[in-house]
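Coordinates in review
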Amino acid sequence: MSAVLTEIPRETKTADRDALSRVWRPRPGFTGWLSVTTHQQIGLRYIKTAFFFLLLGGVEALLMRLQLAFPNNTLLGPFRYNQIFTMHGTTMMFLFAVPMMEGVGVCLVPLMVGTRNVAFPRLNAFGYWMYLMGGIFFYSGVFTGSVTAAGWFAYTPLSGPQYSVGKGVDYWAQMITFTEISALCVAVELIVTILRMRAPGMSLNRLPLFCWSMLVQSAMIIFAMPAIVMASNFFLLNDRTIGTHLANPAEGGDPILYQHIFWFFGHPEVYIIFLPALGMVSMILEANTRRGIFGYPAVVLSLVGNGFVAFGLWVHHMFATGLPQLGEAYFTAASMMIAITSGVQIFCWIATIWTGRLRMTAAMHFVFGFLFIFVLGGMTGVMLASIPLDLQAHDTYFVVAHFHYVLIGGALFPLFGAFHHWFSKFTGRMIDERLGRISFWILFVGFNLTFFPMHLAGVNGMPRRVYTYPPEMGWQTDNLLSSIGALMIAIGGAVFIANALKSLRAGRVADADPWDSSTLEWAVPSPPPAWNFDNLPVVSSRYPLWIDPEERACVVGMRDDRREVLTTTVLDAAPHHRYVLPASSIWPFLTAVGLTIGLICAVFAFSGYWLASLLGLIGFIGWFWPPRHVEVEP
Amino acid sequence: MTQARVLDVSSLPPYEISNRSPLWAGQLLMCMIEGALFVILIATYFYLRLGVDVWPPPGTRIPGTLIPTLALIPLIASCVGSWIADEGAKSNSRGKMLWGSAINLAMAGVFLALRAVEWAGLNFRWNTDAHGSIVWDMLFLHTYDVVADLLVTAVLLAIVAIGRDGPKQRIGVHVDSVLWYFLVAIWIPMYVIIYWGPRLVGAGR
């Protein structure tokens, strides 16, 4: 049996939209809302939740900047300050950046590859609920006084039972469990969606670059997240709750080993956040220069290269721990090597802009902002890869400046660009371009005003994680400028939010493809129906929307009366078999609730894991139990 | 133009029970996640082991090899049951699925019983020292995974037994066997490391 390309009269090809609508529409009511499994809805929930955590993390940052604006300030005490910078780092890394990127991936990947949903829709819903509950659980510590002050990487022995009393570190470590389950769910389903559910004809060398970046990022999650399970559950929680000794040197354990394992996750984590942003930049550039990315194979290979090299860098976070110098030298080389794979992409983007027909949308402003800021952050990164310089700059504000340049420049600016670029696709309204540009300039100036002076403060010796400083240190001006900049960022953020709300209510109604883009998500209405495509597309080019509409082909012969998708082969995307996705279900939500109850109990006693296992098992049985014998008829 | 170019897929099968099924790929990725965790546990074991002169620490008996070696027999035999169930899933044979899963469960049950006997004889616990922590972590995590997979197998057996074994459930039986092969395979190197490693390398120092 095989599928062949044929020609039929045009009017007979269209799928039955009413049937599709009946099959795909969510169930009504509150339980229907809890049961949603369509990727757009789940993806938007990820994005909204992550944005909320961005605001929380932003408020924490503002509190720190207010405290540091003047020497000997007494707004925050030392312990409170430590709690706030810990919350800030944790929130931004675990509750904002990764889930936000996952959310954008969940929203866009099925549309870009031309299918109806992710490969495992219930797993997708489950992952979101775990993330949400983990975030709520972590912040509930604020009300019970269980807030860790041990930094976002929770180094032992500071985070051990001796020096961090109370439950703050335990809350932190268990929050990691929630977010890692969520990230792993998304990684698994996106890999399978990208490799097995692409539109017929979308061979891997026609895969949109954003999907390539999500594929590499998901593979990185698969290998990096188990390390943080080890660090947070086995080292921290078990040492604290059942008296294991993995990080206890008195009984043969080793705190440096904790650092190795944490950073074996922690460094790839940075690229897990950063790679999707690179994919977004490539896509925004393609649409707004109206040409394909210059050097597509080089960009893809660089993304894959980034993914590999990122696992060989972790020791550069540990240069000051006194490891053997020969070993450290290897990590210097690897850290500098990542500049090659990142640099290749930057040169490809410059060539694309140079040879394309540039249209300066608000999204493009953010892309240029990204190029400027990220290149600066990359430069200081190469500097810090050198051990002698790192030993001087270690734990100073120079490092703080560096990683904010890389993370905000490398991830947040592309993300804001993506928000402006794809806003119309998911809301059906165009975002206000003028307000978008205004918010860009405020954010761009505010960002540099905040973080550039930190380089200078760091070079002048200001250490990280100090709650105040005496006036005679000479760090006053730099800190005051940083604090003014932080307020500017807050204003830029407010303009951004105002723009989103205004455009959502009164923006111009968007058509399917306002940017004349090349990829499949622009082939469907804005916002897309729950089933995405009436007829699944057939792809014959890397830029399927830039070929003559008359020449485009589509799939017929799919059943409209069930949630059917098409699986294709890994390399060539030749049609292989049809595949029925499960219906919406409340069980992913209930399973997440059960696991949450158990995991929270496990913070207080190890036996909580038995409860989590039992409730989880009940949840999974409900999830998989067939109500009757169901045959899948052709 | 009145003609539309279309790709007619109505002749393609509506499901697939093989390594081309999306669920198989998902299960493989789950095994990779679990495998990465085991590899990190093994790396931790050797890192801690290389940091000391005497391993296990004085006063700790090296775990005996007799029972864990005997336990390998039912463990590997359980794969035969898993394989029969898998073949039954592919050929839509309820009998094979039932018998295969039952053999799998029974053999794995013997394995777990032997493991319980072995644990009773260990003279160290997870809170004794770092050696105890890492060895128990490895034993516990593997056992936890084995028990979890057996519970899933039991649920699938129940589903097949009451006659609700549609294609989706048969894909479940198929990928369940993939997970089981993985859990058996990953145990072999861990068995060598935990039980033979301390005897073969640096014993008695």
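Here is what the cut-offs are and how they apply
Residues numbered from 1 in each chain as written. Chains lettered and ligands numbered in written order. Predicted model: local features only at pLDDT ≥ 70, side-chain atom pairs only at ≥ 80, totals over all residues. Contact = placed C-beta atoms within 7 Å. Helix = DSSP H or I, 4+ residues; strand = E, 2+ residues; numbered from the N terminus. Nonpolar A, V, L, I, M, F, W, Y, C, P; charged D, E, K, R; others polar. Pairing = 2+ DSSP bridges. Domains from an automatic or database assignment. Buried ≥ 20, exposed ≤ 12 C-beta atoms within 10 Å, placed from the backbone. Core = buried A, V, L, I, M, F, W, Y, C linked by C-beta atoms within 7 Å.

1. Let's talk about the interface of chain B and chain A
Interfaces are frequently sized by the accessible area removed from exposure as the parts join. Opposite the 52 residues of chain B that make contact, chain A presents 64 residues. Mapped onto the side of chain B that touches chain A, the elements with two or more residues apiece are β1 (3–8), α1 (22–50), α4 (130–161) and α5 (167–200) of chain B. The greatest single-element share of the side of chain B that touches chain A, amounting to 14 residues, is contributed by α1(B). Taken together, the residues of the side of chain B that touches chain A sort by class into 30 nonpolar, 14 polar and 8 charged. Relative to β1(B), strand β1 (residues 4–9) of chain A runs antiparallel, the two sharing 6 bridges. Residue A:I8 lies in a different strand from β1(B), and its bridge partner there is B:A4.

2. Structural notes on the domain arrangement of chain A
Residue and element names in this part refer to chain A. Taken domain by domain, chain A consists of domain 1 (32–585) and domain 2 (586–624). When residues in the side of domain 1 that touches domain 2 are grouped by element, the largest group, 7 residues, is from helix α5 (residues 121–144). The class makeup of the residues in the side of domain 1 that touches domain 2 is 9 nonpolar, 5 polar and 3 charged.

3. Section: the pairing of strand β3 (residues 553–556) of chain A
What you see with β3(A) is no split at all: A:A553 and A:V555 on one side and A:C554 and A:V556 on the other are buried throughout. Inspection of the sheet shows strand β2 (residues 537–538) of chain A paired to β3(A) by 2 bridges, in the antiparallel sense. Bridge pairing in β3(A) places A:P537 opposite A:C554. Strand direction decides the pairing type here: β3(A) and β1(B), joined by 4 bridges, are parallel. Residue pairing in the sheet places A:C554 in a bridge with B:V6 of β1(B).

4. Focus on the nonpolar core
Judged by nonpolar contacts, the single largest core of 216 residues is most densely connected at A:C211, A:M230, A:A231 and A:I284. Both of domain 1 (32–585) and domain 2 (586–624) of chain A provide at least three residues apiece to this core. For A:M230, the residues in contact, after removing those within four places along its chain, are A:F235, A:I261, B:L37, B:I40, B:L41 and B:T44. Of all hydrophobic cores here, the second largest spans 26 residues; its members include B:I84, B:A108, B:V146 and B:V160.

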